[in-house]
Amino acid sequence: MSQTRPATRRTTGSYVRFALGALPFVGILVLVPFANRDTPMILGMPFLLVWMVAWVILTSVCMTIVYLIDPQNRGDEADSQ
């Protein structure tokens, strides 16, 4: 017997989660050539280093938001204990 997966419906929330997940990828890999410069110096660091550190922090923020809006994570916490 073959098992079939239930049909999933794409919702606006799934597109938002995808966009928030793709945003760090774009910021770190696609936009780096535009941020690749020595000036301005911010806190004694070149702009590119500040750019990369900022995206590491923003990646955590984006993934936290994705976790919070994902409907699979909204289960009753009393059941998991």
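Rules of the game
- Residues numbered from 1 in each chain as written.
- Predicted model: local features only at pLDDT ≥ 70, side-chain atom pairs only at ≥ 80, totals over all residues.
- Heavy atoms only, no water.
- Phe/Tyr/Trp six-rings, centres within 6.5 Å; stacked < 30°, edge-to-face > 60°.
- Helix = DSSP H or I, 4+ residues; strand = E, 2+ residues; numbered from the N terminus.
- Buried < 20%, exposed > 50% of the residue type's maximum accessible area, 1.4 Å probe, protein only.
- Lys NZ or Arg CZ within 6 Å of the ring centre and 35° of its normal.
- Contact = heavy atoms within 4.5 Å.

- The name recorded for the protein chain in an unreviewed UniProt entry is DUF3311 domain-containing protein, from Branchiibius cervicis.

Section: the packing of aromatic side chains
Reasoning step 1: Under the defined criterion, the tally for this structure stands at two aromatic pairs.
Reasoning step 2: Relative to Trp-51, the ring of Phe-47 has its centre 6.1 Å away and its plane inclined at 45°; by these criteria the two rings are tilted. Here Phe-47 pairs with Trp-51, and both are found in helix α3 (residues 47-69), just four residues apart, close to one helical turn.
Reasoning step 3: Judged by relative accessible area, Phe-47 falls into the buried class, the value being 16%.
Reasoning step 4: Following the ring pairs from residue to residue traces out a cluster consisting of Phe-47, Trp-51 and Trp-55.
Reasoning step 5: Seen from the ring of Phe-47, Arg-37 lies directly overhead, with NZ or CZ sitting 4.6 Å from the centre.

Description of the environment of Val-50
Reasoning step 1: Looking at the secondary structure, you find Val-50 in helix α3.
Reasoning step 2: Taking the C-alpha atoms as reference points, Val-50 and Ala-35, separated by 15 residues in sequence, lie 9.6 Å from one another.
Reasoning step 3: When sequence neighbours within four positions are dropped, the list of residues in contact with Val-50 reads Ile-42 and Met-45.

Some details on unusual backbone geometry
Reasoning step 1: Backbone geometry places Leu-43, a non-glycine residue, at a positive phi of 55°.
Reasoning step 2: Of note, Leu-43 is situated in the loop between α2 (32-35) and α3.
Reasoning step 3: A residue is classified by how much of its surface remains accessible, and Leu-43, at 80% relative accessible area, is exposed.

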